[in-house]
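Overview (structure and organization)
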Amino acid sequence: MAAGLRAVRRWGLVAAPPSLAFTRSAFVVKKANNAQPNWLGVGLAFGTSAAVWALLIKQHNEDVMEYERRKARAHKCRQCS
């Protein structure tokens, strides 16, 4: 493992930390404007959550129906086995 690290350093594959004078952030930090919320983001978040819950409830109901169907079909008499 140590030999591999030495080879990486020797060949210059490790990125040197950039100097702070020439770095810029890709993001601009702004103060949040609470007077105008991002309604598109809010709608997408709540809509996605509601859709996931609807799918989960639908799948649960289908699973319960399948369980009840299989339970009713099960034949448990002692003469057959």
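Residues numbered from 1 in each chain as written. Predicted model: local features only at pLDDT ≥ 70, side-chain atom pairs only at ≥ 80, totals over all residues. Heavy atoms only, no water.

Comments concerning a nonpolar patch on the surface
The grouping of Val 52, Trp 53, Leu 56 and Ile 57 at the surface amounts to a nonpolar patch, some 420 Å² of accessible area in total. Looking at where Val 52 falls in the secondary structure, it is placed in helix 2 (residues 39-73). (Patch = residues over 30% accessible without salt bridge, like charges linked within 9 Å, V, L, I, M, F, W, Y side chains within 5 Å. Areas by Shrake-Rupley, 256 points an atom, 1.4 Å probe, with all protein chains shown as cover. Salt bridge = Lys/Arg side-chain N within 4 Å of Asp/Glu carboxyl O. Helix = DSSP H or I, 4+ residues; strand = E, 2+ residues; numbered from the N terminus.)

Quick word on the UniProt feature "transmembrane region" (unreviewed entry) in the chain
As recorded in UniProt, the sites labelled "transmembrane region" (unreviewed entry) are residues 39-57. End C-alpha to end C-alpha, residues 39-57 measures 27 Å, and it is 100% helix and 0% strand. (UniProt positions renumbered as here; feature names shortened; annotations may be inferred.)

Considerations on the pattern of salt bridges
Evaluated as defined, the whole model comprises four salt bridges. Between Lys 58 and Glu 62 there is a salt bridge, and its shortest N-O distance comes to 3.2 Å. Of this pair, Lys 58 and Glu 62 both sit in helix 2, four residues apart, which is roughly one turn of that helix. Among the salt bridges present, the one from Arg 69 reaches Glu 66, with a minimum N-O distance of 2.5 Å. Of this pair, Arg 69 and Glu 66 both sit in helix 2, separated by three residues, roughly a single helical turn. Taking the relative accessible area as the measure of exposure, Glu 66 reaches 28% and is therefore partly exposed. Counted as one network, the salt bridges with shared partners bring together Glu 66, Arg 69 and Arg 70. (Buried < 20%, exposed > 50% of the residue type's maximum accessible area, 1.4 Å probe, protein only.)

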